[in-house]
Amino acid sequence: MPEGHSVRRLARQFGDVFGGRRLSVSSPQGRFREGAALLDGHTLLAAEAHGKHLFLHFDNALVLHVHLGLYGAWSFGGDSTFNGSSSIGAPRRVGEQESFADGNDDDAYSGPPAPVGAVRVRLAASNGWADLRGATTCEAITLAETDLVRARLGPDPLVNRRGDAGRFAANLLGRKAPVAALLMDQKIIAGVGNVYRAEVLFRRRLDPWLPGSNLADSEARKLWRDVVSVMNDGVADGRIITTTPRYWTANGKKAKPAAEAAALKSSSFPARDNAHFVYKRDGLPCRVCRTTVLAADLVGRRLYWCPSCQA
DNA sequence: GTCTCATGGACAT
DNA sequence: TGTCCCTGAGACG
């Protein structure tokens, strides 16, 4: 869940439901009591994301900075303004769609429920609430400290400023580490996690063990463009789908054109098992060449790749 | 019930 | 390179 596309959706959602509203901020669990007191009663001005970092700007020049880490999750609830808002983060299952809050159509919202479990932060306004659990980082910081966090991060494909492709290429090309390790380094590119790194390397048919310095500048720029494309799809879909409809058949075998047309017609989403090319498909045949997909540990994380397509 | 695993990252060594 | 933090779901008995 919490790869960059999820955090981007979160930022948008916070702006939609709480933007311009005065929030009561509390820490039912107690671990964020002091930070919550600094923000309590202030108005949310803006919500933004950079990579996997979420920044909620309040009208007293303080910022709620949240990084979900592996386990963090936000859940939402409230009146009809919360219809379509979704809980984002763990618990997660691969390929699962986000679960949607049960906003009330009749606007009969009567306040947040009693907090369940270890709620680090609860944000509540007159229209609804949001609970944060299990985040790696949750802090109230100044604007200057916000800039310091941003300064540690590489370009964000979901921001994709002019010149970012070149910055990303320069970051990659100067390094001897395997490109698969570099893609997970948030200083090089912000927002890519374990699923996107495996999938985009497959989509570009790049050997994950290739040193960054061995990539051509043009290939690094193509890689950036593919990350931009596939992560923007993730923002739109609310899940990570890197395969195309021709691979959305029941048995995972490559579909014939007629089957592709049928898949396109019958469903806008692939089954969970067909959403990825290589991620968590070790031991299974590659969707393209039928070679067995491999997995290995790389800097403490599981890497998946096709040794034939990505040679 | 217990154990293991998971789409992160900071920090120590 | 290893350790720790953090939470919940699923496998297993």
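Residues numbered from 1 in each chain as written. Chains lettered and ligands numbered in written order. Predicted model: local features only at pLDDT ≥ 70, side-chain atom pairs only at ≥ 80, totals over all residues. Heavy atoms only, no water.

Scanning chain A from terminus to terminus reveals 8 helices and 12 strands. Every one of the 311 residues in chain A was classed for burial, and the buried ones make up 51%. Taking as baseline every contact in chain A between residues at least 6 positions apart, the subset at least 24 positions apart corresponds to 63%. Working note: accessible area of chain A is about 13900 Å², and carbon and sulfur atoms make up 50% of it. (Helix = DSSP H or I, 4+ residues; strand = E, 2+ residues; numbered from the N terminus. Buried < 20%, exposed > 50% of the residue type's maximum accessible area, 1.4 Å probe, protein only. Contact = heavy atoms within 4.5 Å. Areas by Shrake-Rupley, 256 points an atom, 1.4 Å probe, with all protein chains shown as cover.)

Where helix H1 (residues 4-18) meets helix H7 (residues 217-237), the closest approach of the two axes is 8 Å, and the angle between their N-to-C directions is 45°. Classified by the interaxial angle, the pair formed by H1 and H7 is oblique. For the element pair H1 and H7, the recorded crossing hand is right-handed. The residues of H7 that touch H1, namely those facing Gly4, His5, Arg8, Arg9 and Arg12, are Met231, Gly234, Val235, Ala236 and Asp237. Partitioning the contact of H1 with H7 into residue classes produces 3 nonpolar, 3 polar and 4 charged. (Axes fitted to C-alpha atoms, helices over the stretch in contact; angles between N-to-C directions. Parallel < 35°, antiparallel > 145°, perpendicular 65-115°, else oblique. Left-handed = near helix turned anticlockwise from the far one by under 90°. Nonpolar A, V, L, I, M, F, W, Y, C, P; charged D, E, K, R; others polar.)

Spatial strand order, S2-S3-S4-S10: 4 strands in an open sheet with antiparallel pairing. Bordering the open sheet on either side are strand S2 (44-50) and strand S10 (137-142), each of which pairs with just one other strand. Strand-to-strand twist across the sheet, computed as the mean angle between neighbouring axes with direction ignored, equals 20°. Each of S2 and strand S3 (53-58) touches H1; the most contacted strand, S2, lies at about 170° to it. Each of S2, S3, strand S4 (62-67) and S10 is contacted by helix H3 (residues 143-151), which is oriented at about 125° to S10, the strand it contacts most. (Pairing = 2+ DSSP bridges.)

We now examine the pairing of strand S11 (residues 294-298). Two elements, S11 and strand S12 (residues 301-305), share 5 bridges in a ladder whose sense is antiparallel. Each residue of the ladder has a partner; that of Leu294, found in S12, is Trp305. Where S11 folds back onto S12 in an antiparallel hairpin, the turn is made up of 2 residues, including Val299, whose phi is positive at roughly 40°.

Our focus in this paragraph is the packing of aromatic side chains. Tallied over the full model, the rule gives 10 aromatic pairs. Relative to Phe82, the ring of Phe18 has its centre 5.7 Å away and its plane inclined at 70°; by these criteria the two rings are edge-to-face. Of this pair, Phe18 sits in helix H1 while Phe82 sits in the loop between strand S5 (73-78) and strand S6 (86-89); the two residues are 64 residues apart in sequence, bridging distant segments of the chain. We classify Phe18 as buried; its relative accessible area is 0%. A ring pair is formed by Tyr279 and Tyr304, whose centres lie 5.2 Å apart and whose planes are at 70°; its orientation type is edge-to-face. Residue Tyr279 is located in the loop between helix H8 (257-266) and S11, and its partner Tyr304 is located in strand S12; the two are separated by 25 residues in the primary sequence. On the accessibility criterion, Tyr279 (12% relative accessible area) is buried. Taking NZ or CZ as reference, Arg122 lies 5.5 Å from the ring centre of Trp129, over its face. (Phe/Tyr/Trp six-rings, centres within 6.5 Å; stacked < 30°, edge-to-face > 60°. Lys NZ or Arg CZ within 6 Å of the ring centre and 35° of its normal.)

Counting 46 residues, the largest nonpolar core has Phe168, Leu172, Leu183, Ile189, Leu223 and Val278 as the members making the most contacts within it. Sorting the residues of this core by element identifies helix H4 (164-173), helix H5 (179-183), helix H6 (194-203), H7, S11 and S12 as the ones contributing at least two each. A per-element tally of this core places H7 first, with 8 residues. Once residues within four sequence positions are removed from consideration, Leu183 is found in contact with Phe168, Ile189, Val192, Arg197, Val200, Leu201 and Leu223. (Core = buried A, V, L, I, M, F, W, Y, C linked by side-chain atoms within 4.5 Å.)

The subject of this paragraph is the confidence of the model for chain A. Within chain A, residue pLDDT values average 87, and 86% of them lie at 70 or more. Mean pLDDT in chain A bottoms out at strand S7 (residues 99-100), which sits at 59, and peaks at S3, which reaches 96. Low confidence marks residues 91-97, where pLDDT is under 50. Its contacts with residues over four positions away, or in another chain, come to 16 contacts. (pLDDT = per-residue confidence, 0-100.)

Our focus in this paragraph is the pattern of salt bridges. Pairing is possible between side chains that carry opposite charge, provided their charged atoms lie close to one another. Evaluation of the coordinates by the stated rule reveals 11 salt bridges. When the shortest N-O distance is used, the salt bridge between Arg204 and Glu219 registers 3.1 Å. Here Glu219 lies in helix H7 and Arg204 lies in the loop between H6 and H7, a separation of 15 residues in the sequence. Residue classification places Glu219 among the buried residues on the basis of a relative accessible area of 16%. The closest approach of N and O atoms between Asp297 and Arg302, which form a salt bridge, is 3.3 Å. Since its relative accessible area comes to 34%, Arg302 is described here as partly exposed. A single salt-bridge network, built from bridges that share partners, covers Glu48, Asp147 and Arg150. (Salt bridge = Lys/Arg side-chain N within 4 Å of Asp/Glu carboxyl O.)

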